[in-house]
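In case you want the letters, here they are:
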Amino acid sequence: MGRKKEMKELASIIKNFRKGELDVKLDEEHVERWLSQFSEESQDVILAETTRIFSRWYFNRDYIKNEFLDKVIDELMQRYSFQSIDDLCNNVVFISMQKIGQSQKILVDMLEKRLAKKNDVSLQKKATDGQRIFVYLDDGLYSGKRAQKELLPLIEELPEGCTLDAFFMLVYLGSFRYVEKQIKDKFENKKINLNMFFRNGLETDKYIEYTDWGYNYNAHQEHLWPSHQLRSIPEFAQYGDWVVQELQSRESKAVKYVYRSGLWENDAGIFSSVQNRNIVEREFFLQGLKIYESLSEPKGKYPLGYNTYPSFGFGSFCASDLNISNTCPLVLWWGNLEKHGDALDSWYPLLLRRTNPKADGMEPCAW
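Bear in mind that the values here come from a model prediction, so they are computed numbers and not experimental data. (Residues numbered from 1 in each chain as written. Predicted model: local features only at pLDDT ≥ 70, side-chain atom pairs only at ≥ 80, totals over all residues. Heavy atoms only, no water.)

(A) Representation of the overall build of the protein chain within the structure. Check the secondary structure of the protein chain and you find 13 helices and 10 strands. Each principal axis of the C-alpha distribution contributes one length, and for the protein chain these read about 65 × 55 × 40 Å. Going through the 367 residues of the protein chain one by one, you find that 55% of them count as buried. A separation threshold of at least 6 residues defines the contact pool for the protein chain, and within that pool the share at least 24 residues apart is 69%. Summing over all exposed atoms, the protein chain offers an accessible surface of approximately 17300 Å²; the carbon and sulfur share of this is 46%. The centroid of the 49 positive side-chain charges in the protein chain is displaced by 2 Å from the centroid of its 54 negative side-chain charges. (Helix = DSSP H or I, 4+ residues; strand = E, 2+ residues; numbered from the N terminus. Buried < 20%, exposed > 50% of the residue type's maximum accessible area, 1.4 Å probe, protein only. Contact = heavy atoms within 4.5 Å. Areas by Shrake-Rupley, 256 points an atom, 1.4 Å probe, with all protein chains shown as cover. Lys, Arg positive; Asp, Glu negative; His and termini not counted. Charge placed at Lys NZ, Arg CZ, Asp CG, Glu CD.)

(B) A look at empty space enclosed by the protein. All told, the structure shown has one cavity of 30 Å³ or more when counted by the stated rule. Taken as a whole, the largest cavity spans an internal volume of roughly 40 Å³. Taken together, Phe-59, Asp-139, Tyr-142, Met-169, Leu-170, Ala-319, Ser-320 and Asn-323 make up the full set of residues lining the largest cavity. Elements represented by at least two residues in the lining of the largest cavity include exactly β4 (163-172) and β10 (319-320). Class assignment of the residues belonging to the lining of the largest cavity gives a composition of five nonpolar, two polar and one charged. (1 Å grid on protein atoms, 1.4 Å probe; cavity = no way out; pocket = protein on both sides within 12 Å on 5 of 7 lines; lining within 4 Å. Points joined across faces, edges and corners; volume = space filled by probe spheres on them. Nonpolar A, V, L, I, M, F, W, Y, C, P; charged D, E, K, R; others polar.)

(C) Looking closely at unusual backbone geometry. At Ser-81, a residue that is not glycine, the phi angle is positive and equals roughly 55°. In this structure, Lys-299 takes a positive phi of about 45° despite not being glycine. Its place among the elements puts Lys-299 in the loop between α11 (274-294) and β8 (301-302).

(D) Local environment of the packing of helix α2 (residues 28-35) against helix α3 (residues 43-57). Packing of α2 against α3 brings their axes to within 10 Å, and their N-to-C directions diverge by 130°. On the basis of their axis angle, the class for α2 and α3 is oblique. As for the relative orientation of α2 and α3, their crossing is right-handed in sense. Within the contact between the two elements, α2 uses Val-31, Trp-34 and Leu-35 and α3 uses Gln-43, Ile-46, Leu-47 and Thr-50. In the contact of α2 with α3, the residues fall into five nonpolar, two polar and no charged. (Axes fitted to C-alpha atoms, helices over the stretch in contact; angles between N-to-C directions. Parallel < 35°, antiparallel > 145°, perpendicular 65-115°, else oblique. Left-handed = near helix turned anticlockwise from the far one by under 90°.)

(E) Just the sheet that holds β4, in detail. An order of β2-β3-β4-β5 is seen for the four strands of this open sheet, with the pairing classed as parallel. The open sheet is flanked by β2 (92-94) and β5 (193-202), the only strands paired with a single partner. Each neighbouring strand pair of the sheet contributes to a mean axis angle of 20°, computed without reference to strand direction. Pairing between β4 and β5: nine bridges, direction parallel. The residue of β5 that forms the bridge with Thr-163 is Asn-193. The strands that helix α4 (residues 61-79) touches are β2, β3 (133-141), β4 and β5; relative to β4, the one it contacts most, it runs at about 150°. Sheet contacts for helix α9 (residues 173-189): β3, β4 and β5; angle to β5, the most-contacted strand, approximately 180°. (Pairing = 2+ DSSP bridges.)

(F) Spatial organisation of α9. The first and last C-alpha atoms of α9 sit 25 Å apart over 17 residues, in line with the 24 Å expected at 1.5 Å per residue. Along α9, the sharpest kink reaches roughly 30°, centred on Ile-183. Burial in α9 covers these residues: Leu-173, Gly-174, Ser-175, Phe-176, Val-179, Ile-183 and Phe-187. Where α9 is buried, its residues meet β3, α7 (145-151), α8 (154-157), β4 and β5. One or two residues past the end of α9 sits Lys-191, with phi positive at roughly 60°. (Expected span 1.5 Å × (residues − 1). Bend = angle between axes of the 7 residues up to and from the residue.)

(G) Layout of the pattern of salt bridges. By the definition in use, this model includes 24 salt bridges. Between Glu-67 and Lys-71 there is a salt bridge, and its shortest N-O distance comes to 3.7 Å. Remark: Lys-71 and Glu-67 occur in helix α4; sequence separation between them is four residues, near one turn of the helix. One salt bridge in this structure joins Asp-205 and Arg-177, with 3.1 Å as the shortest N-O distance. Of this pair, Asp-205 sits in the loop between β5 and β6 (208-211) while Arg-177 sits in helix α9, and the two are 28 residues apart along the sequence. (Salt bridge = Lys/Arg side-chain N within 4 Å of Asp/Glu carboxyl O.)

(H) Inspection of the side chain of Thr-50 at higher detail. The topology assignment puts Thr-50 in helix α3. Of the residues examined, Thr-50 reaches a relative accessible area of 0% and is grouped as buried. Excluding residues within four positions of it along the chain, Thr-50 makes contact with Leu-10, Trp-34, Phe-284, Phe-317 and Leu-350.

(I) Local environment of the pairing of β4. Counting buried positions over the 10 residues of β4 gives 10, a clear majority of the element. Inspection of the sheet shows β3 paired to β4 by eight bridges, in the parallel sense. Within β4, the residue paired with Gly-140 across the bridge is Leu-170.

(J) The arrangement of the confidence of the model for the protein chain in detail. When pLDDT is averaged along the protein chain, the result is 91; 94% of the residues meet or exceed 70. Overall, residues 357-367 carries pLDDT values under 50, and its contacts beyond four positions in sequence, including any with other chains, amount to 35 contacts. (pLDDT = per-residue confidence, 0-100.)

(K) Structural view of the nonpolar core. By size, the foremost hydrophobic cluster in this structure holds 94 residues, and its most contacted members are Ile-14, Trp-34, Phe-54, Phe-94, Leu-137, Phe-284 and Phe-317. Broken down by element, this core gets its largest block of residues, eight residues, from α11. Apart from residues lying up to four places away in sequence, Phe-284 is in contact with Trp-34, Phe-38, Ile-46, Thr-50, Leu-224, Pro-303, Leu-304, Phe-317, Pro-329, Val-331 and Leu-332. Leu-154, Leu-164, Ala-166 and Met-196 belong to the second-largest nonpolar core, a separate cluster that totals 23 residues. (Core = buried A, V, L, I, M, F, W, Y, C linked by side-chain atoms within 4.5 Å.)

Okay, structure coming up:
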């Protein structure tokens, strides 16, 4: 596929990102402007891989409506044996309680409009006496930090004996398993039945378990995780040494997973090849490092995205028409689409994230 054709395809995938919120048209010219910021020799690979990955891991509004929200309704109908949509709407409360961000409100509003159009019904968003089924919707669970912050307070707000069903459109499986394990018992102590569901999952769990018969490990890693081979690059080596020192000072087990090496060295992950993976991770890191070094208060932001501990970054590589996670590499979402005379002018983003400065711990993004 030629460069122009790929730019057109990528622009077609992202064209409705935050539709109605951004003044810039996300067309081929927009893609070219973002792409031109990387080294010339890497641009074709970055374009090809970004197009390829987003063709699978970018979720547009049609997908959100047809393959996520409709499936949520199908699951609820079956789980609780509702006889009609009216029955469901009379017995289920759809929680809309996010104080930071808008994705949950957008999802609940989309679902309500969809049901009103098809069935002329409205959703319950506030509990009344006797309500026993509550639903939490969200577009993604990445590091899992936000999910814990929002779900745990519900323990005190929901009545004993009720059920809380949490539905996520996309999760990073390692984080999903961790969050589920951390909070499920807390809900059970209050006699609240918590069920967690996801529509799409990407693997991020790193572990090696040695046994008498060899070892077990999670061979496939579906996020950006730079190879130790990149240590030949001075900026990479210096930053990597800092990460190792930070983790060692905290006696963190994560220190042995700083680099993708050993058993994972030849894992292509979500990329088309290991070679292309290394090119994208190198370029995203080098440009992301420049952004990172310009931040006055990074607060958990690293070149390849937010993380809960020092690292190269969480490394998500996915998005939807609603927003993009701050766990994605900075080069995808940080910066200004128009010049504002501030630090953000130094980078032009592909997908400008809707962000809350206090929540993200960064300079405010312009939109």
